[in-house]
Amino acid sequence: MIIEQFINEKIAQTTFYIQAVISHSLHHSELDHFILNTMDEWTLLKIQDETPANARERVFWHLIHELSLHGAHSLSDNLYFKSEITTCIDFFAGTGSYPLDCIGWRPIA
């Protein structure tokens, strides 16, 4: 239950941060900092199972990994990346479909 609660809270927060960066009401460095903090918080849970519990969690981890890899500045610089991230946000909101090429695995210690 703690994992599901963590994921649901972080989906809401991540969505807020991404939308704020896209609308230019928040600097992209704040989203990068949030992603790092999220990963730090996850490590405190000491999860050993890398398999996500459901599609929402899989998309969440895909989103986190993509933002970690490309950086939040890519939301402004790369239209394809922005589209991919927006697809994930739409999926969370229930207005979009499961993202293509979504590979989301939990990080484990």
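Structure's up top.
Residues numbered from 1 in each chain as written. Predicted model: local features only at pLDDT ≥ 70, side-chain atom pairs only at ≥ 80, totals over all residues. Heavy atoms only, no water.

Participant: Would you take a moment to explain the state of the cysteines for this structure?
Facilitator: Among covalent bonds in proteins, the disulfide is the one between the sulfur atoms of two cysteines. All chains considered together, the criterion is met by zero disulfides. The thiol of Cys88 is unpaired, and the distance to the nearest cysteine sulfur, on Cys102, comes to 6.0 Å. With a relative accessible area of 12%, Cys102 lands in the buried category. (Disulfide = S-S within 2.5 Å. Buried < 20%, exposed > 50% of the residue type's maximum accessible area, 1.4 Å probe, protein only.)

Participant: Explain the packing of aromatic side chains here, please?
Facilitator: We describe a pair of aromatic rings using the distance from one ring centre to the other and the angle between the two ring planes. Tallied over the full model, the rule gives seven aromatic pairs. Ring centres 6.0 Å apart and planes at 90 degrees place the aromatic pair Phe16 and Tyr17 in the edge-to-face group. A residue is classified by how much of its surface remains accessible, and Phe16, at 56% relative accessible area, is exposed. Plain terms: the ring middles of Phe60 and Trp61 are 4.9 Å apart, the flat faces sit at 65 degrees to each other, and that makes the pair edge-to-face. With relative accessibility at 0%, the residue Phe60 sits in the buried group. Accessibility expressed as a relative area gives 0% for Trp61, which makes it buried. In textbook terms, an aromatic cluster arises when at least three aromatic residues are bridged by ring pairs, as seen for Phe6, Trp42, Phe60 and Trp61. Over the ring of Trp105 we find Arg58, and its NZ or CZ is 4.9 Å from the ring centre. (Phe/Tyr/Trp six-rings, centres within 6.5 Å; stacked < 30°, edge-to-face > 60°. Lys NZ or Arg CZ within 6 Å of the ring centre and 35° of its normal.)

Participant: What should I look at first to understand the pattern of salt bridges in this one?
Facilitator: Any two side chains of opposite charge can pair, so long as their charged atoms come close to each other. Overall, the coordinates contain three salt bridges when judged by the stated rule. Close ionic contact of Asp49 with Arg106 constitutes a salt bridge, the shortest N to O distance being 4.0 Å. A residue pair is termed long-range when its members are at least 10 positions apart, and Asp49 in the loop between α2 (28-45) and α3 (55-70) and Arg106 in the segment after α5 (79-93) qualify at 57 residues. When its relative accessible area of 42% is taken as the criterion, Asp49 is described as partly exposed. Arg106 sits in the buried class, given a relative accessible area of 8%. (Salt bridge = Lys/Arg side-chain N within 4 Å of Asp/Glu carboxyl O. Helix = DSSP H or I, 4+ residues; strand = E, 2+ residues; numbered from the N terminus.)

Participant: Just checking my understanding: could you explain the environment of Tyr17 for this structure?
Facilitator: Here Tyr17 lies in helix α1 (residues 2-22). Taking relative accessible area as the criterion, Tyr17 reaches 24% and is therefore assigned partly exposed. Considered as a pair, Tyr17 and Ala72 are 55 residues apart in the sequence and their alpha carbons are 9.9 Å apart. For Tyr17, the residues in contact, after removing those within four places along its chain, are Leu26, Glu30, Leu31 and Phe34. (Contact = heavy atoms within 4.5 Å.)

Participant: Teacher, can you tell me more about unusual backbone geometry here?
Facilitator: With the exception of glycine, most residues fall at negative phi, and the peptide bonds are largely trans. Here His24, not a glycine, exhibits a phi torsion of approximately 65 degrees, which is positive. In this fold, His24 is placed in the loop between α1 and α2. On the basis of relative accessible area, His24 is assigned to the exposed category, the value being 65%.

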